[in-house]
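Chain and residue survey
Chain by chain, the residues run as shown.
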Amino acid sequence: MQPHTFLCVDAHTCGNPVRVVAGGGPLLPNVSMGEKRQIFVAEHDWVRRALMFEPRGHDAMSGSILYPPSREDCELGVLFIEVSGCLPMCGHGTIGTVTVALEQGFVVPRVEGRLSLEVPAGKVEVEYRRNGRFVDEVRLYNIPSYLHAADVRVEVPGLGPLTVDVSYGGNFYAIVEPQAGWAGLDGMTSADILTLSPRVREAVQRAVAPVHPEDPRIQGLSHVMWADRAKHPQAHARNAVFYGAKGIDRSPCGTGTSARMAQRVAKGLLEVGDDFVHESIIGTLFHGRVESAAEVGGRAAIRPSIGGWARVIGHNTILVDERDPLAFGFQLA
């Protein structure tokens, strides 16, 4: 049997990887990206595992697969894949995918400077700024984001009682801020994040079990955000986001920044029109903004935007040979 061949362009967005699959992805019917996601998860998840897990990926690997959109008002369909699963939305993935698609000529915009993407979570508008053949910045106008549950009290082994907020920005986040049981990021190592985050996620999922009020296909707490004061002089806040089994986002996290802005607006700490610059664990920045008020299933929400940059770092032809006993990837326990 011939090996499966995937034509990929590797990039990173503010430090976090984006492997864009431009060729070789599974053929899917002409249905919405939300439905494509369901079919992919049920029938083709081996592709995600093969491309994201070792030996071709790593614990923080992330990527996307390009598809024709099913909507006439969109120019590109995007399916987000990473070590944690096939996501409804990914902010750093959108910035990296748009940069790759434009610089490599995979998409021709109807209007220069703007793109409309169909993603599993809905329609996402994008603006970008070119510098010759390169893309200097991408700003995505994300789907409506909202605070799902405030001041959730949980008991976490190793931390004790903890109060968190659950917020949605394309994925559900448990947002942990400094409190009696957690002093903040400065006293936390990456090993601490990897050890404690799964415990927080499990406790909050058990307490809240979030489901999107308008799309029940989007459910479950997938990410944990450790939120703290900024160190960068331009930033308003700093964060470290945990996902998957052992992933720590090196970027400031796009859907996480959206969820954080929604949380802060709901708590009266931000208003429509305010900027929110978010700092990552490695010091890179996303430039967020609360664009407008919105509504999600009768709940107050916001329309956030996120600006950031990405860089292409290589072209990659990946072979998945079924004779290889590790063909479909593995993760260390």
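Per an unreviewed UniProt entry, the protein chain goes by the name Hydroxyproline-2-epimerase and belongs to Methylobacterium platani. For the record of the protein chain, the UniProt heading Sequence similarities (unreviewed entry) holds the text "Belongs to the proline racemase family."

**Points about helix H2 (residues 45-52)**
The buried count for H2 comes to six of eight residues, which makes it a mostly enclosed element. Those residues of H2 that fall on the buried side of the exposure criterion are Asp 45, Val 47, Arg 48, Ala 50, Leu 51 and Met 52.

**Thoughts on unusual backbone geometry**
The step from Glu 54 to Pro 55 runs through a cis peptide bond, and the omega angle for that step is 10°. Positionally, Pro 55 belongs in the loop between H2 and strand E3 (62-67). At Ala 209, a residue that is not glycine, the phi angle is positive and equals roughly 45°. Note that Ala 209 resides in the loop between helix H4 (190-208) and strand E12 (221-228). Phi at Cys 253 is positive, roughly 75°, even though this residue is not glycine.

**Focus on helix H3 (residues 91-103)**
For H3, with 13 residues, the first-to-last C-alpha span of 18 Å sits near the 18 Å given by 1.5 Å per residue. In terms of burial, H3 is largely enclosed, as 13 of its 13 residues are buried. Positive phi appears at Gly 105, one or two residues downstream of H3, with a value of about 75°.

**Observations regarding the nonpolar core**
If you look at the biggest cluster of nonpolar residues, it comprises 68 residues, and the most contacted ones within it are Val 126, Leu 162, Val 176, Val 200, Val 204 and Trp 226. Both domains that meet at this core, namely domain 1 (4-141 + 312-320) and domain 2 (146-297), each give it at least three residues. When near neighbours in sequence (up to four residues on either side) are disregarded, Leu 162 contacts Val 152, Arg 153, Val 154, Val 156, Val 176, Gln 179, Trp 182 and Val 200. Judged by nonpolar contacts, the second largest core, of 30 residues, contains Cys 8, Ala 50, Cys 86 and Cys 253.

**Some remarks on the packing of aromatic side chains**
Summed over the entire model, instances satisfying the criterion amount to five aromatic pairs. Pairing Phe 6 with Trp 46 gives two aromatic rings, centres 6.2 Å apart and planes at 65°, and the pair type is edge-to-face. With Phe 6 in strand E1 (residues 4-13) and Trp 46 in helix H2, the pair connects residues that are 40 residues apart, well separated along the chain. With a relative accessible area of 1%, Phe 6 lands in the buried category. Ring geometry for Tyr 168 versus Phe 172: centroids 4.9 Å apart, planes at 50°, classification tilted. With relative accessibility at 1%, the residue Tyr 168 sits in the buried group. Take Phe 172: its relative accessible area is 1%, and that puts it in the buried class. Chaining the aromatic ring pairs together yields one cluster made of Phe 6, Trp 46 and Phe 328.

The rules behind the values
Residues numbered from 1 in each chain as written. Predicted model: local features only at pLDDT ≥ 70, side-chain atom pairs only at ≥ 80, totals over all residues. Heavy atoms only, no water. UniProt positions renumbered as here; feature names shortened; annotations may be inferred. Buried < 20%, exposed > 50% of the residue type's maximum accessible area, 1.4 Å probe, protein only. Helix = DSSP H or I, 4+ residues; strand = E, 2+ residues; numbered from the N terminus. Expected span 1.5 Å × (residues − 1). Core = buried A, V, L, I, M, F, W, Y, C linked by side-chain atoms within 4.5 Å. Domains from an automatic or database assignment. Contact = heavy atoms within 4.5 Å. Phe/Tyr/Trp six-rings, centres within 6.5 Å; stacked < 30°, edge-to-face > 60°.

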